[in-house]
Amino acid sequence: MRNHLYFVTFVAALGGLMFGFETAVINGTIFYVQQFFGFSEAMKGVVVSTALVGCIIGALFIGKPGDIFGRRQMMKLMAVMFLLSMIGAGLATNLTVFITARLIGGIAVGGASVLTPMYISEIAPPKLRGRLVATNQLAIVSGILLAFFSNYIIDSIGAANWRWMFLAGTIPSGVYFLLLFFIERSPRWLVKMERVEEALHVIRRVNPHENAETLMHQIKDSLNQEVMKKYSFMFKPPYLKLVLIGIAVGMFNQMAGINVIMYYSTDIFRVAGFSGESAMFQSVLIGVTNLAFTIIAMIFIDRFGRKFLLYVGATGMSVFLGLFAWSYITGNYAGYQLLAYLVGYIAFFAFSQGAVIWVILSEMFPNNVRSRGAAIGSFSHWFFNFVIALLFPVVSAKIGVGWVFAFFFAATLLSLLFYHFALVETKGKSLEELEMETIGKRVSS
């Protein structure tokens, strides 16, 4: 029976749900927050991207504490920070308090983006790992949809609606914190800490069909104490190549333009002439599409592999990004044409990059540098997310939304070459087998 494995995965993935909620709740609130505090369009980019500064900090600096204190303990800290962020933003009396709360939430998102998929990958058996780590992405898009839907429902309650949109996030963050007390530590972290008997107990409990002793030998053989203690090894062969690939994975994910839609779709639809209520409802439709195609991706990811999904997704995304850009540039759109293009784009994104990026970053690095490697890849994701979110309001106002999406179209086409030449297929291989394939380290049997 794998019931406990699924329970542990579910609890860990709640960090992904809060990741999604925290990043998407700003979509429906920023219009009201701007009215309440009275800031400019340029300042709007700063307010939205403040949380992304926190994401960069959280992603970049969570690796070392994750190694010292363990994945589970740091996830508890992230849960507390999510809770503080929701309360602080919802009760903010001035812009400084609001921005500070968003910064705290951003740090939690950055930390969760590293810890959650890494923890799941370290407890999951190889044949289920893609699907289970993709549960994190399912949780992220569920959190996005939850934020969009709760924003839509709360929108009509009156002047303080934006405050309740944030405060609604206190419920899932509280549940996440409490359930973390009922899951085990990562067995690979326990081996690093030389707590072998405890690691064996965890392996037998979460993966009863695995040969615990064999897996223990493989984990021990993959650990190099000197490499684990010195960050400088990350930037030397054979690890440097993996670091550069991890950075590129995060970069291409953001240059596809996904988070411009997650943060600004309501504003984009308003600019296109839709009413505020209609624009917010269309964001809900985008969230539903995101969720539906993430579920489809979870069905296929361990069957057809990560690279297959990326090829299909990048091709489809390019088509819809091109159509959207051309329609906006020419002004040749009517009714819900733009919505159809964005829904098509979201479907292909969710089927591919959305489901795959966190899986790849959690799998591609060897045991002794995994937390630091995943942190660097996640840092790249959040850094480019920050740059694009900060610049979008200003750049789109100057050159037009269409030309911004033309850039996303070109970057997505280019990503096809990167996926083909740089990525190794990870489907069905243990983390230790992948280590042997990527850096040539021999794994004992």
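Refer to the structure above for everything that follows.
All of the points below concern the structure found in this document. Since the structure is predicted, the reported quantities are computational estimates derived from the model, not experimental observations. (Residues numbered from 1 in each chain as written. Predicted model: local features only at pLDDT ≥ 70, side-chain atom pairs only at ≥ 80, totals over all residues. Heavy atoms only, no water.)

## Overview of the overall build of the chain
As a reminder, the rule being used: Each helix corresponds to a stretch of at least 4 residues labelled H or I by DSSP, and each strand to a stretch of at least 2 residues labelled E; elements are numbered beginning at the N terminus. The globule rule is 2.2 Å times the number of residues to the power 0.38, and the radius of gyration it is compared with is taken over C-alpha atoms. Each residue's exposure class comes from its accessible area (1.4 Å probe, protein chains only) as a fraction of the maximum for that residue type: buried when under 20%, exposed when over 50%, partly exposed otherwise. We call two residues in contact when some of their heavy atoms are within 4.5 Å. Surface accessibility in these figures is a Shrake-Rupley result with a 1.4 Å probe; residues are shielded only by whichever protein chains are displayed. In this tally, Asp and Glu contribute negative charge and Lys and Arg positive charge; neither His nor the terminal groups of the chain are included. By convention, the charge on Lys lies at NZ, on Arg at CZ, on Asp at CG and on Glu at CD.
When its secondary structure is counted, the chain shows 21 helices and zero strands. Here the C-alpha atoms of the chain give a radius of gyration of 21 Å, agreeing with the 22 Å that 2.2 N^0.38 yields for 445 residues. Counting only C-alpha atoms, the chain reaches 65 × 45 × 40 Å along its principal axes. A burial count over the chain gives 61% of its 445 residues as buried. Intrachain contacts of the chain at a sequence separation of at least 6 include 83% that bridge at least 24 residues. Accessible area for the chain stands at about 16500 Å²; split by element, carbon and sulfur atoms hold 69% of it. Distance between charge centroids for the chain: 2 Å, based on 33 positive and 22 negative side chains.

## Considering the pattern of salt bridges
For clarity, the threshold we go by: For this analysis, a salt bridge means a side-chain nitrogen from Lys or Arg found within 4 Å of a carboxyl oxygen belonging to Asp or Glu.
Under the defined criterion, the tally for this structure stands at nine salt bridges. The partner of Glu363 in a salt bridge is Arg129, and the shortest N-O contact between them spans 2.9 Å. In this pair, Glu363 is assigned in helix 18 (residues 353–363) and Arg129 in helix 6 (residues 126–154), connecting sequence segments 234 residues apart. One exposure class covers both Glu363 and Arg129, and it is buried. For Arg306, the salt bridge identified is with Asp302, shortest N-O distance 3.0 Å. This pair shows no difference in class: Arg306 is buried, exactly as Asp302 is. Residues participating in the shared-partner salt-bridge network are Asp67, Arg71, Glu122 and Lys192.

## Considerations on the packing of aromatic side chains
Cut-off, in case you're wondering: Between 30 and 60 degrees the pair is tilted, below 30 it is stacked and above 60 it is edge-to-face, where a pair is any two Phe, Tyr or Trp rings, Trp via its six-membered ring, whose centres lie within 6.5 Å. Placement of a positive charge over a ring is assigned whenever Lys NZ or Arg CZ falls within 6 Å of the ring centre and within 35 degrees of the normal to the ring plane.
Per the counting criterion, the structure on display carries 24 aromatic pairs. When the ring of Phe320 is compared with that of Phe348, the centres are 6.0 Å apart and the planes differ by 35 degrees; the resulting orientation is tilted. On the criterion of sequence distance, the pair formed by Phe320 in helix 16 (residues 306–330) and Phe348 in helix 17 (residues 337–351) is long-range, its members being 28 residues apart. One Lys or Arg, Lys76, reaches over the ring of Phe181 and ends 4.0 Å from the middle of that ring. Here Arg163 stacks its cationic end above the ring of Phe36, 5.1 Å away from the centre of that ring.

## So, the packing of helix 4 (residues 71–91) against helix 5 (residues 95–123)
The cut-off we apply is this: Axes here mean lines fitted to C-alpha atoms, for a helix over just the part in contact, with angles spanning 0 to 180 degrees between N-to-C directions. Just so you know how the angles are binned, under 35 degrees is roughly parallel, over 145 roughly antiparallel, 65 to 115 roughly perpendicular, and the rest oblique. Crossings are assigned a handedness: left-handed for a near helix turned anticlockwise from the far helix by less than a right angle, right-handed for a clockwise turn.
With their axes 8 Å apart at the nearest point, helix 4 and helix 5 run at an angle of 150 degrees to one another. As far as their axial angle goes, helix 5 and helix 4 are roughly antiparallel. Note on packing geometry: the crossing formed by helix 4 with helix 5 is left-handed.

## Let's talk about the side chain of Thr9
Here Thr9 shows up in helix 1 (residues 3–37). By relative accessible area, Thr9 is classed as buried at 3%. The residues contacting Thr9, other than those within four sequence positions of it, are Ile120, Ile123, Leu132 and Thr135.

## Notes on empty space enclosed by the protein
Selection criterion: Here the term cavity refers to a set of points on a 1 Å grid, laid over the protein atoms alone, in which a 1.4 Å probe fits but cannot get out; the term pocket refers to an open set having protein on both sides within 12 Å along at least five of seven lines, with lining residues being those that place an atom within 4 Å of a point. Grid points are joined across faces, edges and corners, and a volume is the space filled by probe spheres set on the points. Put simply, Ala, Val, Leu, Ile, Met, Phe, Trp, Tyr, Cys and Pro go in the nonpolar bin, Asp, Glu, Lys and Arg in the charged bin, and everything else, Gly too, in the polar bin.
Going through the model one piece at a time under the given rule, you end up with four cavities of 30 Å³ or more. In this structure, the largest cavity occupies an estimated 200 Å³ of space. Gln137, Ile140, Asn259, Phe349 and His381 are, among the 21 residues lining the largest cavity, the residues nearest its centre. Broken down by secondary-structure element, the contributors of at least two residues to the lining of the largest cavity are helix 1, helix 6, helix 13 (239–254), helix 14 (258–271), helix 18 and helix 19 (370–399). The residue makeup of the lining of the largest cavity, split by class, is eleven nonpolar, ten polar and no charged. Empty space within the second largest cavity amounts to approximately 60 Å³.

## Describing the environment of Gly331
Mapped onto the secondary structure, Gly331 falls in the loop between helix 16 and helix 17. On the basis of relative accessibility, which here comes to 47%, the residue Gly331 falls in the partly exposed class. With 71 residues separating them along the chain, Gly331 and Gly402 place their C-alpha atoms 9.1 Å apart.

## Quick word on the nonpolar core
Applicable threshold: The nonpolar core is taken to be a set of buried Ala, Val, Leu, Ile, Met, Phe, Trp, Tyr and Cys residues, with the residues joined through side-chain atoms within 4.5 Å.
Counting residues in each nonpolar core, the largest one holds 138 residues, and the members touching the most others are Phe98, Met262, Tyr263, Phe324, Tyr345, Trp382 and Phe405. Here this core gets 17 residues from one element, more than from any other, and that element is helix 1. For Tyr263, the contacting residues outside a window of four places in its chain are Thr23, Ile26, Asn27, Val48, Leu52, Trp382, Asn385 and Ala389.

## A word on the packing of helix 17 against helix 18
Contact geometry for helix 17 and helix 18: axes closest at 4 Å, N-to-C directions at 25 degrees. It follows that helix 17 is roughly parallel to helix 18 by the angle criterion. For the pair helix 17 and helix 18, contact is made by Phe349, Ala350 and Phe351 and by Gln353, Gly354 and Ala355, respectively. A breakdown of the residues in the contact of helix 17 with helix 18 according to their chemical character gives four nonpolar, two polar and no charged.

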